[in-house]
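# A look at the structure
Each chain, letter by letter, is given below.
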Amino acid sequence: MNYHLFQMINAGAGRVDAVDDVFEWAAIWLIYVLGALAVVPVLRRGRSAAGPTLRVLASLGIAFGLGRAAAALSTEVRPFQTHHVHQLIPHATGPSLPSDHATAAFTLAFAVGAFLSRRWGVALTVLAAIIGFARVWTGVHYPGDIAAGALAAVVAVATVAVAARLHRHRFRSRPERV
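Calculation rules
- Residues numbered from 1 in each chain as written.
- Predicted model: local features only at pLDDT ≥ 70, side-chain atom pairs only at ≥ 80, totals over all residues.
- Heavy atoms only, no water.
- Helix = DSSP H or I, 4+ residues; strand = E, 2+ residues; numbered from the N terminus.
- Buried < 20%, exposed > 50% of the residue type's maximum accessible area, 1.4 Å probe, protein only.
- Contact = heavy atoms within 4.5 Å.
- Lys, Arg positive; Asp, Glu negative; His and termini not counted.
- Charge placed at Lys NZ, Arg CZ, Asp CG, Glu CD.
- Arc of directions from axis to C-beta.
- Salt bridge = Lys/Arg side-chain N within 4 Å of Asp/Glu carboxyl O.
- Axes fitted to C-alpha atoms, helices over the stretch in contact; angles between N-to-C directions.
- Left-handed = near helix turned anticlockwise from the far one by under 90°.
- Nonpolar A, V, L, I, M, F, W, Y, C, P; charged D, E, K, R; others polar.
- Parallel < 35°, antiparallel > 145°, perpendicular 65-115°, else oblique.
- Expected span 1.5 Å × (residues − 1).
- Patch = residues over 30% accessible without salt bridge, like charges linked within 9 Å, V, L, I, M, F, W, Y side chains within 5 Å.
- Areas by Shrake-Rupley, 256 points an atom, 1.4 Å probe, with all protein chains shown as cover.

## Topic: the overall build of the protein
Secondary structure assignment for the protein yields eight helices and zero strands. Each principal axis of the C-alpha atoms in the protein carries an extent, and together these give about 75 × 35 × 25 Å. A burial count over the protein gives 39% of its 178 residues as buried. Long-range contacts, defined as pairs at least 24 residues apart, comprise 80% of the intrachain contacts of the protein with a sequence gap of at least 6. Averaging the coordinates of the 16 positive side-chain charges in the protein and doing the same for the 8 negative ones gives two points 22 Å apart.

## A word on helix α1 (residues 2-10)
Those residues of α1 that sit buried are F6, I9 and N10. Across the axial projection of α1, the buried residues extend over an arc of 85°, all falling on one side.

## Description of the pattern of salt bridges
Under the criterion given, the structure shown has one salt bridge. Close ionic contact of D100 with R68 constitutes a salt bridge, the shortest N to O distance being 2.6 Å. Of this pair, D100 sits in helix α6 (residues 100-115) while R68 sits in helix α4 (residues 50-73), placing them 32 residues apart in sequence. With relative accessibility at 44%, the residue R68 sits in the partly exposed group.

## Looking at unusual backbone geometry
In this structure, P98 follows L97 across a cis peptide bond, with omega equal to -10°. Secondary-structure assignment places P98 in the loop between α5 (79-82) and α6.

## Some thoughts on the packing of helix α2 (residues 17-28) against helix α7 (residues 118-137)
Interaxial distance between α2 and α7 falls to 8 Å at its minimum, and their mutual angle equals 115°. Both α2 and α7 take part in a crossing whose hand is left-handed. Side by side, α2 and α7 meet where V19, D20, F23, A26 and A27 of the first sit next to I130, I131, F133, A134, R135 and W137 of the second. Residue composition of the contact of α2 with α7, grouped by class: nine nonpolar, no polar and two charged.

## Observations concerning the side chain of N10
Tracing the backbone shows N10 in helix α1. Discounting chain neighbours no more than four positions away, the residues touching N10 are V85, H86, V136, W137, T138 and G139.

## What about the packing of α1 against α7?
The interhelical angle for the contact between α1 and α7, taken along N-to-C directions, is 90°, at an axis separation of 8 Å. Comparing their axes, α7 and α1 come out roughly perpendicular. Contacts between α1 and α7 pair F6, I9 and N10 from the former with F133, V136 and W137 from the latter.

## Overview of α2
The end-to-end C-alpha distance of α2 is 16 Å, a good match for the 16 Å that twelve residues give at a rise of 1.5 Å each. Among all positions in α2, only D20, F23, A26 and A27 are buried. On an axial view of α2, the arc spanned by its buried residues comes to 130°, and they lie on one face. Within α2, the exposed residues directed more than 90 degrees away from the buried face are D17, A18 and V22. Where α2 is buried, its residues touch α3 (30-45), α6 and α7.

## What about a nonpolar patch on the surface?
Together, W25, I28, W29, Y32 and V33 line one region of the surface with nonpolar side chains, adding up to about 520 Å² of accessible area. Secondary-structure elements contributing two or more residues to the nonpolar patch are α2 and α3. If you trace the backbone, W29 turns up in the loop between α2 and α3. On the accessibility criterion, W29 (46% relative accessible area) is partly exposed.

Take a look at the structure:
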């Protein structure tokens, strides 16, 4: 199923240069736009953004840790290593699962949505989905690699959210010392 979805998406690559150019740009550079846009809700909140920003950063750390663990356990290599694909951007060989781009993009999007601004989180999630699609279109990832990155993001953000909630509950329920 993963390879079949990959074929369906990647089959469009190489047919219309202008479309390929857009997806090549999105596969390489849109992650930087997403990262810059993720700063906007931080700046809008000012000083009250310190705690939420730390939760976003913690989410990124956990997601990348999960990604490294998944990559170490996975035997899946990049699509261009084992199949004839329309590879539009250069990429080193190696583990394909999960996509680091998807992990970063979805983690930023979900964490911003959970901790800073739902509206910005939705907008960033759209950009993360475009990045994921572009990584498949350009032939460097399978759809499952993108889904694995999104799953790592969900687990990381949920872990941080639960930890933050437990910490707040614990802090509030402490008896005052006299």
